[in-house]
Structures are given as structure tokens and as C-alpha cells.
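Coordinate inspection notes
For reference, the chains in residue letters:
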Protein chains: 2
Amino acid sequence: MKLAEHYTPIARSLERVERIFDDELAGEVDVVNNLCAHIRQYRGKMLRPALLLLTGEACGRVTREHHVLGSVVELVHMATLVHDDVLDEADLRRRCTTINRLHGNEAAVLLGDYLISHAFHLCSSLDSQYASRLIGSTTNTVCEGELMQVFHRGDYDLSEETYFEIISRKTASLVATCCILGSRFAGADPAVIAAAERYGMSVGVAFQIIDDVLDLQGTEQETGKTLGRDLDKEKLTLPIIHYLRTADRDVKAEALAVMNNGHQDRAERIARMVSQSDSVRYAYHKARHHVRVAVEALAVFPDGDAKDSLTAMAEFIIDRHE
Amino acid sequence: MKLAEHYTPIARSLERVERIFDDELAGEVDVVNNLCAHIRQYRGKMLRPALLLLTGEACGRVTREHHVLGSVVELVHMATLVHDDVLDEADLRRRCTTINRLHGNEAAVLLGDYLISHAFHLCSSLDSQYASRLIGSTTNTVCEGELMQVFHRGDYDLSEETYFEIISRKTASLVATCCILGSRFAGADPAVIAAAERYGMSVGVAFQIIDDVLDLQGTEQETGKTLGRDLDKEKLTLPIIHYLRTADRDVKAEALAVMNNGHQDRAERIARMVSQSDSVRYAYHKARHHVRVAVEALAVFPDGDAKDSLTAMAEFIIDRHE
């Protein structure tokens, strides 16, 4: 796996993050422990802890606080995955059957709650309230983004501006928080912390754009996820928004008719129409812009392996999928 | 409303709790603010903040921390209500249409997440981590109790012991935490805090027993909730557990046949069978025992209006419904 190569500067720290994560979830109730063992398989890329540790390493020294906070952000992320799978009625996640598919929506809703609860519980073991406050404010924002998305379902006039507000809140805010925490707990000064936040926001936005393109164009083999869900759930993503905005009136009318017809092959037909247009290229262009902003933000970071990894990870978002 | 009379010693503090609650939920996103305005109608009895403030008042002085923590526990409680309504597929809550009925399960899951996130965000505004840590540990326990309940659905051999473990975790643990926080932030000594915890646990257990009896026997008029859900969801509660344990073999077989037949009037038929037995009386007897334990725990509290209210509130649990 290519991404893991960039983790070299923080490989041992990531192991500590995993151990703290497992210890936090070791509880008294067997059925709950079994569910936690299952979702451990979702813990694939560990992207958020890796970014937190790499910004820490780049800005100074990785401390015990970084290890704890790495587990906290992964717990938060896991909670959102488990609830997203309920909302999306998804059957697959990282090639594993989802909790909702295995044990029903009730268990999945409660397991997500359990993970978010443990995230805050673990975070409150640190001496200062700073991280708890920032994580709380971030999860507020993540929920707002997700709720905006739900209330814009079926809104075929969704603007690019609103799309970017949604993905900034639901995805990029948590990535930015990882980079703020990583740099701040390494003792970085405010200008560097602000740059880390900018890096995280931009990486998060680029990542979500590509994730949305893959939902339209990828294969389940490639992504390990159920695909075509965005269109099935009437969620508009960047290539579709661009397509509807730029298509001739007749073509647009045809696309809307397909989206509204409710047929099983709807997502596939739209994917084919959009693929033959410039709209996927446009989405990549936008993602590439955000990657560039992210890499530029790193200019104030001291040179070294950790900074090189942060640069490479931002660029990897595009390379992986093109 | 009779319960409100016992709130006299803390009436002004409760108003401050409500103001902090509203301020915490005032966000930037309109659709989210509209949802929050709706669930404000659920904020009926404010039982948990009231117990937190009364134990504070009884043990010393109510401080700004008590007001903040009162809002925190109400936010936690609201989150569990919103997610419970998803799990129970309920249509009514405090005579209002539920969020899941109005806006679908997706919005309800996310709104619950938003409320729990705000609870932790608000809690982390306090100087010490103590409350965040205790609230986190309590919500871990609440989720474990709820998950146990889900995994025991359809388990017609559920023991009384497991039933009590479930309700202790899912309901009583949060009530106990309210009383711990109230007494501790008023500077009570460890013996008094331990008594406050015992009071809260016992009140919580008694409250849940009666709530379960009402789901079987109440009217929607009385409770403002969709009824008969426990049986529809194959959740066994104390009167049913007692009934199945004590009934003759033939009667038990008949009851199990009714529960398994899936007919619409299943809950009603079981309610009729159980009402003609001693099992509802048995549940009241158990609830009364826990109320007695709660009142006895208050012996170490200084005499005064707040202590009188705590006593009266424990007794009210039974009187309200018998």
C-alpha cells in the first residue's frame, strides 16, 4: 500500500495510537466488545491520526498527548463512518459487511454513539480542556455539515458554494482539527498552527471531492465500499453540479429525468453521461487546486521527513485515483 | 403540574439552565436551528437538571458550574430521547411529532449526534476535566445498557438480574451522575457524594420500572408518548418477566404464542393478561423498594427545603402513576 510509505516517520507512534484505541474500547459488556472487534477492521488508513502525528513531528516532538489525541480523532472518525453507513443504508465498508447490515440499524446507531462517547471520554483524560473544547466544536460543525447535506437531498439546484460549505464542515473540519492539534501540542507558534489548519482544510476538501468522484466512477473492488449511493440518496456532488450547470438545456432535462425516474440503473446511466463530459475533469481540477493550497501552506514548516510526508500525502489524494 | 412544585428551591437556577441550553444550541445553520427549536418542546420535566441543582442546593450552594452542568445533562438526555425515538420508530414524544417522523431517520440520527456533541462541547468550557470525564464515562455506560437491550430483543428468557443491569446502565447511571455532580460541585464530602449517587441510582431504577409499566398500561393521553412499543420491539420489562416466570405452563405458552404471532393487537392482549395477574403489583413493589432506598440515602444530607424536595420527588415516581 502506497500511502503507508509516507507513515515511516511516525510508524511507532501509530502503533501506540492503536494500542490506546483498543484499550479505550475494552469494556465490561461482551456484546459491545464483539461489535468493537468488528469495527476494528474498518481501521484502514488511519489518515487522521497520521496527519495529527506528522504535523506534530514536523513542528517539534510527538508526545503522549499526540498519541491520545490520535486515538480520539480516529474514534470520532469511526463514529461518523458507522452512522454514515446507517444513513446511506450501505452494506460494505472496507470490504467488510457494515454493522447495520449485520446487526440492524439500532445496533449501528448505538455503536456510533458509543464510539463518540469514548472519544470524549478519552480526550478528557488529558490535563487541559483545550483539546476537548476543539474536538467538541469540530463535531458540532461536522454534524451541521451532515444535516445540511440531508436537507439538500433532492435539491438539483444545489450550488457549488453550498457543496463546498457542506464538505468543508462534514469532512475537512476534522482533518483541519487533526493538524491544529498536532502542531499545537508540539509547541508550534500561532502562524505555524494557522498554516497547519489551512493545510488540513485543503487536504480535507480535496479528499472529499475525489471520494465523491469515486462514488460515481470507481468500482467496489477499488474502494471497498458500496458505490453509487450519492445518486441513490439524491446527493449532488461536484461533477454532477458542474454537469447540470454546463449542459445544454435538452441534455440537462434528460439528466434530471433519469435522476427522477427512480430506476435501479439510474446511478450507472448518470455516471456514463457525466463521464463523457468535462465535469469529472473539472472536479479533478478543483481537487488539484486544493492540494496546491495545502502544499503551499507547508512552506512555513521546518524541512524534514515529516514535512516531506505531509507533502506527499496531499499529492497522493490525486495520484491514487487518476 | 405536581412535579414542578418540588422545584421551588431551584426555580431561578432552572431558568439559567434553560438559557445556557438555548445559547449552546444557537448555531450558524438555519436548518439545524429549526430542528433545535422543535426539540425544545421535548424539554418537559427537566428532571435531570432539577436533581443536579437540588443536590447542589441541599449540600451547599448552587454555582455557575451547576447551571452549566444542568444544561449538559439535559443535552445528553435529549440526545438519548432523539435516538430512542429512531430505535423505537416512535411517532410521538411529549405530545409532539418526533423528528424521525417529521424529517426521517437520517435527520434524527444526526440531530442526536449534534446534541451529544454540544453536551461535551459545553462541558469542556468548565475549568476542570472532572465533569467531562464523569459524563464521558456515564455515556459509555448508557450506550452499553442500550446495546445490551437491543441484543436481548426477543429473548423471552431474560432474567430479572439482566433487566436490572440494563436499566441501571441505560437510565439510572445518568441520574446518579446528576446527583454526584450536584453534590460534588457544592463541596460535599465523599460520604455525602456516595449517598447522593445511591439516591440517584435508586431513583433512576424506580423511574424506569414505572416507565416500563406505563408503556404496558398507560394511555397516550397520559404519557404523551407512543405506547406498547416495548412489546412491539420484543423488549421484555419487569411485569412481563415476572408474569412469564410465575405463570402456569399453559398460560405461559399462551402468552409466548401471542407475543410471537406478530398480530397488531399483541401488546394490548398481553397487557390484558398481565393486568389480571400479580405482575404489575410486583413491579410497583420493586419500584417502591428502590424509592425507599433513595429516601434512606438522603439521611446524611442536611435538613432543608432542597432535601424535602428530593424526598418528595422520589415518592412522586410512585404516586404519579398508581
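As a starting point, this report considers the structure included with it.

Okay, helix α12 (residues 238-246) of chain B next. Within the sequence span of α12(B), burial applies to B:Leu238, B:Pro239, B:Ile240, B:Ile241, B:His242 and B:Tyr243. On its buried face, α12(B) is in contact with α8 (160-184), α9 (190-217), α13 (249-260), α14 (266-275) and α15 (279-297) of chain B.

Before going further, it helps to examine the packing of helix α2 (residues 11-25) of chain B against helix α5 (residues 64-87) of chain B. All names here are of chain B. In contact at an axis separation of 8 Å, α2 and α5 are set at 60° when each is read in the N-to-C sense. Taken together, the axes of α2 and α5 lie oblique to each other. For α2 against α5, the interelement crossing comes out right-handed. Residues Ser 13, Arg 16, Val 17, Ile 20, Phe 21 and Glu 24 of α2 pack against His 66, His 67, Val 68, Gly 70, Ser 71, Glu 74 and Leu 75 of α5. Split into classes, the residues belonging to the contact of α2 with α5 amount to five nonpolar, five polar and three charged.

Mapping chain A onto chain B calls for a rotation angle of 180° and an axial translation of 0.0 Å; the resulting RMSD is 0.0 Å. Within this description, the copies of the chain are treated as partners about a two-fold rotation axis. The share of interface residues of chain A whose copies in chain B are also at the interface is 100%, consistent with both copies meeting through the same surface.

Bringing helix α4 (residues 47-59) of chain B into the picture now. With 13 residues, α4(B) should reach 18 Å at 1.5 Å per residue; the first-to-last C-alpha distance of 18 Å fits that figure. Burial analysis of α4(B) places 13 of its 13 residues in the buried class, which makes it a mostly covered element.

Residues and elements named next belong to chain B. In the contact formed by α15 and helix α16 (residues 305-319), the axes pass within 9 Å of each other and the chain directions differ by 180°. Taken together, the axes of α15 and α16 are roughly antiparallel relative to one another. Judged by residue contacts, Tyr 284, Ala 287, Arg 288, Val 291, Ala 294 and Val 295 of α15 engage Thr 311, Ala 314, Glu 315, Ile 317 and Ile 318 from α16.

Cut-off values and rules
- Residues numbered from 1 in each chain as written.
- Chains lettered and ligands numbered in written order.
- Predicted model: local features only at pLDDT ≥ 70, side-chain atom pairs only at ≥ 80, totals over all residues.
- Buried ≥ 20, exposed ≤ 12 C-beta atoms within 10 Å, placed from the backbone.
- Helix = DSSP H or I, 4+ residues; strand = E, 2+ residues; numbered from the N terminus.
- Contact = placed C-beta atoms within 7 Å.
- Axes fitted to C-alpha atoms, helices over the stretch in contact; angles between N-to-C directions.
- Parallel < 35°, antiparallel > 145°, perpendicular 65-115°, else oblique.
- Left-handed = near helix turned anticlockwise from the far one by under 90°.
- Nonpolar A, V, L, I, M, F, W, Y, C, P; charged D, E, K, R; others polar.
- Least-squares fit on C-alpha atoms with pLDDT ≥ 70 in both.
- Expected span 1.5 Å × (residues − 1).

Nothing here speaks to function; it is geometry throughout.
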